[in-house]
Amino acid sequence: MKRALVAATVSALVGGLAIAAQQPAHAAPPTPQALAVSAAQALVANRPAALHASADDQFVQHATLTGPGGLQYVPYDRTYKGLPVYGGDFVVMTNSAGAVQTLSVQQSSTINVSTTAKVTASQAATVARSQAGSNTVDSVSAAKQTVLAVGSPRLAWEVVVTSHHGVEPSIKHVFVDANTGAVAYSYDKVADGNGTAAINGPNPVHLDTSLSGSTYSMKDPNHPSLVCQ
């Protein structure tokens, strides 16, 4: 009889341990970043009018950025029928609790364009090359078909023209209308200019540099995300 009681007690203990093991542990509360992603995905899935989304638009989410006061920024790129859309990107901003605060969208109208180009890639590259002007052209990238959503959406070829004038470099992105062959939009990744600034100290300002081989860069090793170039 005692053996039966002991066996029953052991069985009960083992059963109790098994039940306890099946109980889920208390999950950590979701982070502000996780809340932001969830809220952004729900918003985008509903395709609000502010997105100017067509049935052929797809959205690519990128890593969440954290700002002051716990604000979260979830950036997205857009594609149209598989083509990248320049000017179609947008950002969903939430607070630390995951409530959407704003939806920042550059695109101002819905895309509805044919993806069949009348202008060839080589013709677009020739047009883009001419935008270097009197600069010495170093390279002209292959033309990439894209949808330009700056202003009225249109099919375009994007060509990167790298050139220089003396010691001044230029990396110019040229968007050539794929139907007319005209330059629809362009921007240069290199800009020059003069300005004034103020500083409270220290004076003079100390700038750390880094050496890689024989090349120096203005990158503070203590703050590697801040780079002067």
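Residues numbered from 1 in each chain as written. Predicted model: local features only at pLDDT ≥ 70, side-chain atom pairs only at ≥ 80, totals over all residues. Heavy atoms only, no water.

**A word on the overall build of the protein**
- When you go through the protein residue by residue, the secondary structure sums to three helices and 14 strands.
- Here the protein holds 229 residues, and 24% of them are scored as buried.
- Within the protein, contacts between residues at least 6 apart in sequence are counted, and of these 45% link residues at least 24 apart.
- Surface summary for the protein: the accessible area is close to 14700 Å², and the carbon and sulfur share equals 56%. (Helix = DSSP H or I, 4+ residues; strand = E, 2+ residues; numbered from the N terminus. Buried < 20%, exposed > 50% of the residue type's maximum accessible area, 1.4 Å probe, protein only. Contact = heavy atoms within 4.5 Å. Areas by Shrake-Rupley, 256 points an atom, 1.4 Å probe, with all protein chains shown as cover.)

**Let's talk about the confidence of the model for the protein**
- Considering every residue of the protein, the mean pLDDT works out to 87; 83% of them sit at 70 or more.
- When the criterion is pLDDT under 50, residues 5-10 qualifies, and its contacts beyond four places in sequence or with other chains add up to zero contacts. (pLDDT = per-residue confidence, 0-100.)

**Things to note about the environment of Ala 125**
- Structurally, the position occupied by Ala 125 is in helix α3 (residues 121-129).
- Taking the C-alpha atoms as reference, Ala 125 lies 7.1 Å from Ala 142; in sequence the two are 17 residues apart.
- Ala 125 has contacts with Val 140 and Val 159, leaving out every residue within four places of it along the chain.

**Some words on the side chain of Ser 163**
- Take Ser 163: it is sitting in strand β9 (residues 154-165).
- Relative accessible area serves as the criterion here: at 2%, Ser 163 is assigned to the buried category.
- Among the polar contacts made by the side chain of Ser 163, one reaches the side chain of Asn 135 at a distance of 3.1 Å.
- Ignoring anything within four residues of it in the chain, the contact list for Ser 163 reads Ala 132, Asn 135, Thr 136, Val 137, Asp 138, Glu 168, Pro 169 and Ser 170. (Polar contact = N/O pair within 3.5 Å; in protein donor to acceptor, adjacent residues only side chain to side chain.)

**Points about the nonpolar core**
- Counting 19 residues, the largest nonpolar core has Tyr 80, Val 85, Ile 111, Ala 128, Val 147, Trp 157 and Val 161 as the members making the most contacts within it.
- Mapped by element, the contributors of at least two residues to this core are β4 (83-86), α3, β9 and β10 (168-177).
- In terms of residue count, the dominant contributor to this core is β9 (four residues).
- Leaving out residues up to four positions away in the same chain, Tyr 80 has contacts with Ser 54, Asp 56, Asp 57, Val 85, Ile 111, Asn 112, Val 113, Thr 115 and Val 147. (Core = buried A, V, L, I, M, F, W, Y, C linked by side-chain atoms within 4.5 Å.)

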